[in-house]
Amino acid sequence: MEGAGRPSRRLMIRIRPGTEADLPAVFELNRRLLPEAWSKKSILHALASGHELIVAEREERIVAYLLSHDVLDEVHLLQIAVHPDFQRQGLATRLSRFLFARKAGLSMVYLEVRASNAPAQQLYAALGFRIAGCRREYYPPPPGQTRREDAILMTRLLEPAQEPHGNL
């Protein structure tokens, strides 16, 4: 039996590239879920400057998103956010795998995650990320604290691009 207020895992969730039309919903998730929320203008500027947005939608409602940016032959995974009603249903994994498939042929994906965010670190490890270092005092202090928080730097190799099949 599904938990009260929790959607069924069998609901159709579509993963697709995001567009500017998705920004109001993305901003709302960003503001609600991430301590380092970006402004609407920052998110719009990020898309205009080449950042990639991937969204998960159910019945035309954005329930999760991933924001990344290519840096030379690497991908910087900047944000993953999943609406609380849809967490623990594999959406962050699906969004990540969609990104990995789109970026095949680039060398790797890297990200920073708060040192205190053990659930996210576990997710990333399950997706094949490995700890590559630490960025000291990278994040602003958590609410109610004065000390900046370290970031754990994690990396994951990407698959090589598939060669086209056919006769030469």
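## Observations concerning the pairing of strand β4 (residues 74-82)
Inference 1: Burial within β4 is extensive, with seven of its nine residues counted as buried.
Inference 2: Strand direction decides the pairing type here: strand β3 (residues 61-71) and β4, joined by eight bridges, are antiparallel. Residue pairing in the sheet places Ser68 in a bridge with Leu77 of β4.
Inference 3: Linking β3 back to β4 in an antiparallel pair, the connection comprises two residues, with Leu72 at a positive phi of about 55 degrees.
Inference 4: Bridging between β4 and strand β5 (residues 108-114) involves three bridges; their strand directions are parallel. Across the sheet, residue Glu74 finds its bridge partner in β5, namely Met108.

## Some points on the sheet that holds β4
Inference 1: Strand order in the open sheet formed by seven strands is β1-β2-β3-β4-β5-β7-β6, and the pairing between neighbours is mixed. Of all strands in the sheet, those with a lone pairing partner are β1 (14-17) and β6 (130-139), marking the two edges. When strand polarity is set aside, the average angle formed by the axes of neighbouring strands in this sheet is 25 degrees.
Inference 2: Direction of pairing for β5 relative to strand β7 (residues 149-157): antiparallel, over a ladder of seven bridges. Considered in β7, the bridge of Val113 is made with Ile152.

Reading the values: rules and limits
Residues numbered from 1 in each chain as written. Predicted model: local features only at pLDDT ≥ 70, side-chain atom pairs only at ≥ 80, totals over all residues. Heavy atoms only, no water. Buried < 20%, exposed > 50% of the residue type's maximum accessible area, 1.4 Å probe, protein only. Helix = DSSP H or I, 4+ residues; strand = E, 2+ residues; numbered from the N terminus. Pairing = 2+ DSSP bridges. Axes fitted to C-alpha atoms, helices over the stretch in contact; angles between N-to-C directions.

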